[in-house]
Amino acid sequence: MTVSFQNGRDLDNTSDAVDDVNVLKGKMWDEESEFDTSKDKTKFRQYEDACDRVKAFYKEQHEKQTVEFNLKARVDFKSRKRAHMGIWEAMEMLNNLVDDSDPDTSVSQIEHLLQTAEAIRRDGKPEWMQVTGLIHDLGKLLYMFGSEGQWDVVGDTFVVGCQFSEKIIYPETFAANPDSKDAVFSTRYGIYKPYCGLDNVMLSWGHDEYLYHVVKDQSSLPEEALAMIRYHSFYPWHREDAYTYLTNEKDQKALEAVRAFNPYDLYSKNDEPCNAAKLRPYYESLIAKFFPPTIDW
Ligand SMILES: [Fe+2]
Ligand SMILES: [Fe+2]
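Residues numbered from 1 in each chain as written. Chains lettered and ligands numbered in written order. Predicted model: local features only at pLDDT ≥ 70, side-chain atom pairs only at ≥ 80, totals over all residues.

## Considerations on the UniProt feature "binding site: substrate" (unreviewed entry) in the chain
Within this structure's numbering, the places UniProt gives as "binding site: substrate" (unreviewed entry) are Arg45, Asp99, Asp100, Ser101, Lys140, Gly155, Asp156, His232 and Ser233. With respect to the helices, strands and loops of the structure, Gly155 is situated in the loop between α7 (127-135) and β2 (159-160). In this structure Gly155 comes out as buried when scored by C-beta crowding, with 27 C-beta atoms within 10 Å. Among all residues touching Gly155, those that are not within four sequence positions of it are Val18, Phe57, Tyr58, Gln61, Gly206 and Ser233. Not counting residues within four places of it along the chain, the set of residues in contact with His232 comprises His136, Asp208, Val258, Phe261, Asn262 and Asp265. (UniProt positions renumbered as here; feature names shortened; annotations may be inferred. Helix = DSSP H or I, 4+ residues; strand = E, 2+ residues; numbered from the N terminus. Buried ≥ 20, exposed ≤ 12 C-beta atoms within 10 Å, placed from the backbone. Contact = placed C-beta atoms within 7 Å.)

Structure below.
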């Protein structure tokens, strides 16, 4: 294993800070600030810290997620196998990436996956959705499989190959992305046709896109589950209504699915801690309904 615990902590901190900002964004992003008067200073500080860290992260991500990089990432994905293992084994592998004792990490990866799944289960949602909650972040294994950094694993996603949307967080940081000056990629439609559908656009490479490609042909999960996995970080679309000029009718169903999933991902982190050993038999039985014992990663 080439990834050190230090790097794992860095990734986890970034991933948590991105989630924190997405939680805050939902309530107050771009709104007249009231929080500094009504909220205590500790919360305010966390918000500022999260935003500073997240801004630095997005600056790098927005500069480096080019069409060229995305084509290369997809060729690389297809041209090699990274591992062959079962879902639970992958969860444990992802959990090794982070150090549970790190005070800056609110919950471990396996805890986040279980809390998401348990919240979905508690609400009486179908088994396929529980499994989706359980696996939705396993794409972060990319970080152990030779990603370039954090910027091609975590963070909100967006469309590459056409004009970067103003609805993406910190849109001004795209000025340093060479595609923003490209004669084609910088236009409204870029390489796409109006209403071509999200199946025909290239989303920035990261844990959503990677896991979608891993599970789409190796599981019996329904379309809605695949949409939840593929688009759960696509905030410019599912929260900000960007890119409607590229979507089609099929994407409407996907949007409903992603929006139904989002609260469980964002707001289950404060829930009761899960007992992984106790929950394992239940989730192993669910996994077996949708996956073979082992899959290619
Ligand atoms: Fe995620
Ligand atoms: Fe998540």
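## Describing the nonpolar core
Counting residues in hydrophobic clusters, the biggest one holds 67 residues, and the most contacted among them are Leu141 and Val159. Setting aside anything within four residues of it in sequence, one finds Val159 in contact with Val201, Met202, Leu203, Tyr243 and Leu246. (Core = buried A, V, L, I, M, F, W, Y, C linked by C-beta atoms within 7 Å.)

## Describing the environment of Gln109
Take Gln109: it is sitting in helix α6 (residues 109-122). A residue is classified by how many C-beta atoms lie within 10 Å of it, and Gln109, with 25 of them, is buried. Taking the C-alpha atoms as reference points, Gln109 and Lys140, separated by 31 residues in sequence, lie 9.4 Å from one another.

## Let's talk about the UniProt feature "binding site: Fe cation" (unreviewed entry) in the chain
Cross-referencing UniProt, the feature "binding site: Fe cation" (unreviewed entry) maps to His112, His136, Asp137, His207, His232 and Asp265 in the present numbering. Note that Asp137 resides in the loop between α7 and β2. Taking the C-beta count within 10 Å as the criterion, Asp137 has 24 such neighbours and is therefore assigned buried. Leaving out residues up to four positions away in the same chain, Asp137 has contacts with Gln109, His112, Leu113 and His207. Note on His207: 26 C-beta atoms within 10 Å, which makes it buried.

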